[in-house]
Each structure stands twice: as structure tokens, then as C-alpha cells.
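Descriptive analysis of the structure
The residues making up each chain are set out below.
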Amino acid sequence: MNFTEAKIRCENLRKIIEQHNRSYYVDANPAISDFEYDLLVKELEVIEKEFPELQTADSPTQRIGNDVNNEFVQVRHKYPMLSLGNTYSENDLNDFDQRVKKIAGNNFEYVCELKFDGISISLTYKNGILQQAVTRGDGEKGDDVTANIRTIRNIPLKIYGSYPEEFEIRGEIFMPHSSFERLNSERLKAGEPQFANPRNATAGTIKLQNSTQVAKRGLDCFLYYMLGSSLPHANHYDNLQEAKKWGFPVSQNIRKCETLRQVIEYINYWNEARKKLPYDTDGVVIKINSLEQQEELGVTAKSPRWAIAYKFKAEQAVTELLSVDFQVGRTGAITPVANLKPVQLAGTTVKRASLHNQEQINILDIRIGDMVIVEKGGEIIPKIVGVDKSQRTCNSKKFEYITHCPECGTKLEREESEAKHFCPNENGCHPQIIGKIEHFISRKAMAIDGLGIETIELLYKHGLINNVADLYSLKKSQLLPLERIAEKSAENIIKSIEESKNVEFKRVLFATGIRFVGETTAKKIVEKLNSIDRIMSASQDELLQIDEIGERIAQSIIKYFANAKNREIIQRLRDAGLQMEAKENVEKISDRLKGMSFVVSGTFNSYSRDELKQIIEKHGGKNVSAISASTAYLLAGEKSGQMKTDKAHMLKVKIIDENQFNELINNEL
Ligand code: IVH
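Throughout what follows, the structure given in this document is the object of discussion.

Below, the discussion takes up the packing of aromatic side chains. Counted according to the given criterion, the structure contains 23 aromatic pairs. The interplanar angle of 90 degrees and the centroid separation of 4.9 Å between the aromatic rings of Y125 and F248 together place this pair among those described as edge-to-face. Highlighted residues: Y125 in strand 4 (residues 119-126) and F248 in the loop between helix 8 (236-246) and strand 9 (255-257), separated in sequence by 123 residues. In this structure Y125 comes out as buried when scored by relative accessible area, which is 0%. Given a relative accessible area of 0%, F248 falls into the buried group. When the ring of F174 is compared with that of Y279, the centres are 5.0 Å apart and the planes differ by 50 degrees; the resulting orientation is tilted. Of this pair, F174 sits in strand 7 (residues 166-174) while Y279 sits in the loop between helix 9 (260-273) and strand 10 (281-288); the two residues are 105 residues apart in sequence, bridging distant segments of the chain. When sorted by exposure, F174 lands in the same class as Y279, which is buried.

Inspection of the entire model under this criterion finds 4 cavities of 30 Å³ or more. The computed volume of the largest cavity comes to approximately 140 Å³. Lining of the largest cavity is provided by 13 residues; of these, N427, K436, N467, V468 and I569 occupy positions nearest its centre. Of all the secondary structure elements, the ones that give two or more residues to the lining of the largest cavity are helix 12 (430-441) and helix 21 (564-576). Broken down by element, the residue count for the lining of the largest cavity peaks at 3 residues, all from helix 12.

On to helix 6 (residues 198-206), then. Two residues of an α-helix separated by three or four positions point the same way, owing to the 3.6 residues in each turn. Restricting attention to buried positions, one finds in helix 6 the residues P198, A201, T202, T205 and I206. All buried residues of helix 6 project into a common sector of 125 degrees when viewed along the axis, lining one side. Buried-residue contacts for helix 6 involve strand 4, strand 5 (129-135), helix 4 (146-149), strand 7, helix 5 (177-189) and helix 7 (211-216).

What follows deals with the site of the ligand. Around the ligand, the structure places L84, E113, L114, K115, F116, S120, E172, Y224, Y225, V285, K287 and P304. With respect to the ligand, the side chain of Y224 contributes an N or O atom lying 3.2 Å from an oxygen atom. The contact in question runs from a nitrogen atom of the ligand to an N or O atom on the side chain of K287, over 3.0 Å. Compared with its free state, where it exposes 530 Å², the ligand has 90% of that area covered by protein. The set of elements that each furnish at least two residues to the shell around the ligand consists of strand 3 (110-116), strand 8 (220-227) and strand 10. Considering every element that reaches the shell around the ligand, the biggest residue donor is strand 3, with 4 residues.

About the criteria used
Residues numbered from 1 in each chain as written. Predicted model: local features only at pLDDT ≥ 70, side-chain atom pairs only at ≥ 80, totals over all residues. Heavy atoms only, no water. Phe/Tyr/Trp six-rings, centres within 6.5 Å; stacked < 30°, edge-to-face > 60°. Helix = DSSP H or I, 4+ residues; strand = E, 2+ residues; numbered from the N terminus. Buried < 20%, exposed > 50% of the residue type's maximum accessible area, 1.4 Å probe, protein only. 1 Å grid on protein atoms, 1.4 Å probe; cavity = no way out; pocket = protein on both sides within 12 Å on 5 of 7 lines; lining within 4 Å. Points joined across faces, edges and corners; volume = space filled by probe spheres on them. Arc of directions from axis to C-beta. Contact = heavy atoms within 4.5 Å. Near = heavy atom within 4 Å. Polar contact = N/O pair within 3.5 Å; in protein donor to acceptor, adjacent residues only side chain to side chain. Areas by Shrake-Rupley, 256 points an atom, 1.4 Å probe, with all protein chains shown as cover.

Written out as C-alpha cells, the structure is:
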């Protein structure tokens, strides 16, 4: 095939494929089988590979994603993305109707739509081609997630018909039930945490860094709002019908209503009918149809006055509470879980429900044998929201909460500010030990994929590992005698443990499993404090300076490093060769302070404490939080702690001020 032939075939293939996309996704009337469809895409891919200059941004091959690691760029919305006011009753709707009538008079039309439960997105089209897809973000600015959005098969990369030169169309990205169940069962098999609901799964998927992964997750979309200076019609409903003709997925379940009564009928109908839809909806959105009247009604700071959301009530069922189990998480948190007589709720059989904590049980006065009201909220397991006390037998007893860990028998603790009880035996309680190691090896942490939960249990059972640092002392010869571990898998385990030594520091920090330090928090911490030494020596005030770190997280970090056992584990991980500083941030100036450790205390004239710590590291020195005999200097500013000064005197650690420090790095001391 020469270039001209390839060009013609490419253009034809693209047209044919997009037509099939429309038949499949927009008209729900596929004309060819999936296999035939895949063959067409494959053919296009082959040609584009041979003639890369024929690749275009709107080619259907772009939907398979790419392996480029997207760091999302923030984009300012041309029109802010507002949210909607919520209503829960007919009365609220009546008030809304009255407010509208005051401004728009009696002559207006409502449009009722389903409220899809997903993530809102704003798509920009220029000359019929998808240019940009941006998340809601804070309403003013959002993330550019175009590469990920391109992989959603019913979002047209190119539209057909007579459309405005430039416009935005907004809608909801969601995960249908079938994709959600498939994804969660894959995650369960891979030992990864499951998503609590399709909405969370959608949010997680849209923010994935690799669009090939997004393409595999089976996201879907409905568009419900068009914006621009030259829209085809003067009302919302006709604009959406027009968008459908151009190739956009627009829901069929949109209705125009002339009266509030008709709106309420629509709500009542969908309150039941939604249970049969293959995706989640959480309400109905009611909008004024005329764009002129929309403008007249205007917007408040957060939401338009021309639209409102009516939220469906969560589905409930009543069943018997058989018993209560207590689960111990990797951080030692105790969660009471109810075992229920199986009952049907929102299309699934419910056997277990969350009870949250002791206070919740007390407030609701839940007792074994009670008929309890279960509700499906946003969480993976339903929750108990009440008790039908009229059905309670006279011999029922008040529920006694446990006082000791069900796993290791240690007395439970509960901090004043915390709702949950904790087992403090973090390094000796089975589910905590296993949970911590499991978290450590997980994909987003150290990604030690040669190991799985069963192997971890096996190694623990045989006394080979008790904490994450033990992983790095494992030898092939210790693994071979174990059941189910053959030569090849033993080699894989050792190899993947070895490879984890290259994992970057921010992931090592996340892997340590400090309570409340998730992936993003770890990243933020490392951006500011680029080594484990600086984090360990940081004061609460310093931690609080970091974006998104509040008191709860700061205290948790301090508490973690105050524990000698945790410090020992960190030291062993460091000795094993794990990355304990962010390489890219440490720009070395000299080795003048090599082998010297510093405690920085107080306030200084020319630098902040943080800057001084950076300078120490740039000259090869180390920052530590507490003075010991091996500390080289106490760098003391104004209001330096008296205890630190006393300890420095006692241990004969040199105390220097800012000027002496400057001389030191200039090599004059
Ligand atoms: S209209 C200015 N229509 O609900 C009004 N929103 O709670 C723009 N949503 O942020 C929104 N289905 O993410 C509209 N049919 C629908 C919707 C819908 C779901 C979401 C959307 C919005 C949120 C407001």
C-alpha cells in the first residue's frame, strides 16, 4: 500500500468505525459484531503504525490509550462549573416552583432528567473535533484529562452535522454496574482494595495516570448541558436533541413537563424504575427549558437558580441482627460488623452491614436479635440506620462492646478525638502485622508483585517475617522448603524484593503505612521535606506548613516516629538500601557536612528552619530530631528549646548559631 492508498483507506476506516460507534452507543443498535468491529480498528492501527504521519487526534485508534504518564495540567473553565441545590421533598420542590414563578412568571416549561451518579466533565469541541476534557475541580479550575476521556467509546472524537464552530458540552462520566463488578472482582483476585461504589471507581479511573488502563475499565457517559455563544436552539431540550444528532450520548429519559405535578410524576416513576437501570442514579434534575428564562433567573455563588436536584431516598430493608464480628484493620482500628439474616436490597443480597463504632451502636441502642433497618449508601457494605423497637423481645440485652482485641487480647484504647477503638499492639497483632506487610508490597507502594497475601501468611506462619524490614533479609534457601513455593517462584520473590529497592522515596513513605498518610499526602510531604531524616525531625508546626496536612495527620506522623520499633524498622529498611530521600530534589552543593548530623532548633534571621535543613542536606549533612551523643551540632536560633540546649551541654554536642553555621559551610570553622 502506498501513502495515497493508505490515506484514503484510513479516512474510510475512520468514517466506518465512527458510524459503528454511533450505532452501538448512541442508537443502541449495533450493525456488526464486536469481533468485526475490532478487526476494523486493528486494520486502522496497522496502517497508522506504518504511516505515522496519517495519525490524527480524532482517530478511533486513540481510544485505546497510551502509556504516557499524564501529570494532569490544571485548566481554568471558560464558564464556571456550578453545582446544584438539593431538595428531598415535595415541599422543597414547591418552594423552588414558587421562586421560579416570582421571576419567570407562569409561562415556562420544566425539563426533567435523571441525575447520574458519577463525575462531571466538560468537553470542548472546535470545528467538530474533541479538543479538551476537563474535570470539575473546584468549579473554577479542573484537571485536563483529555487522554483518558478519549478512551471512552461513546464520547465522539469527531461529530457530524451542522454544529457551532466552538462549544462546550458537559455531562457525567460513570461506571455501569457490569464494568464495576468486573473491576472489583479483578481487584479482589489481585489482592487490591475494592472500590466502594461505581462513583468512587469512576473518580479513581479518571485520575489514572495511564490511559491504557482507563480504556480497559469500561466507563460510560451521558451529556446533559450545552454551552456556547452560538447554540442551535433557544431552549435546553432542543439543544440536547440536536447534540444527539451530532453523535453525542444523550439520555432517552429526558421529559418536558408543564406543571409541577408532572415533575412529581416523573420523580415517582423513576424512584422505582431506576432500580432496573444498568447504572447508578441518585436523583432527578429539574431545569427551566428556555435559555432566556435561565438567564433571567441567573445564578447564586454556587448554583443556578434555574435548576435543582431532587435526591432519591436511599433504599432500605428490615432484617434480623444475628451477631456482631469485630474486624481489626492494618492500623489497629476496630470495626464492628453486623451479621444479618440475608435480605434483598437494591438488587443484591445483604448479609453483613457496617456498625461503625461503639457510639453508633449506643445511639441506636442496637441489640442482638433486633429487627434492624439497613440502608444502601455510598459504601461497599450497607449500614444499619435504625431499629424497629416494636419488634424487640422482652429478654433482649443491651449490647456490650468489647474491651480487648479479638485477635491478640490486648486491652483496646480509644483517643478522645477518635470514634473508633484501637488495638495498640501494632507490631504483635496478627491482622495488623499482615495488613501492614500487605500494604507495603501493594502496587502503589513498593509493588513487590512476586509476593501475594497467601505467601505473606505462609512466611509469617513459618516465622520468616514479622515486619516489612524482614522481607529484605529473606533468602531463596529459606523459601524453597515451604509448601507451594517452587524454585521459579522463590527466584521471583527474591528478585521483586530486590527490585523494590529502586522504588522512589515518596512511595516508600506511603508504603510504611503511617496512619492517614495516603499516596497524595506522602507526595506532598516529600515535595517539602525530601528525606526521611527531615520528616523524622520535623516538628508539628513544620508539618502543618505542608499543603493538605492538618493536625490529625501531623500528630499521626509524629506518633509513628516516636515509636522506637518503627524507627528501628526504618533504619533496617535504610540499611537494606531502600530510597530514603527524593533524588530529584537534592541538588548537591558540596560534601562539607558529610557524616555530620544536625539538630536545628529555634528561629533564625536569614533563613527559615526548613531552608537551613535543606542547606544541610545540600552539603551532605543529615537532619535529626533529637540530640544524641552522635549528633555533630545543635544549630540553635532564637528561642531554641532549653531542654535541647541542656542535653547538648550534657552530651558535649557543639552548639552553634546561624553565623557559625555559615562559616561551617564555607569551611572556616
Ligand atoms: S446539570 C449548572 N444534569 O450533579 C447545572 N447535572 O449536584 C449543571 N449531574 O455537578 C448540572 N446528572 O455532576 C445536571 N442530568 C444532569 C445531571 C447532573 C448528574 C451532576 C453533575 C453536577 C451535580 C450537581
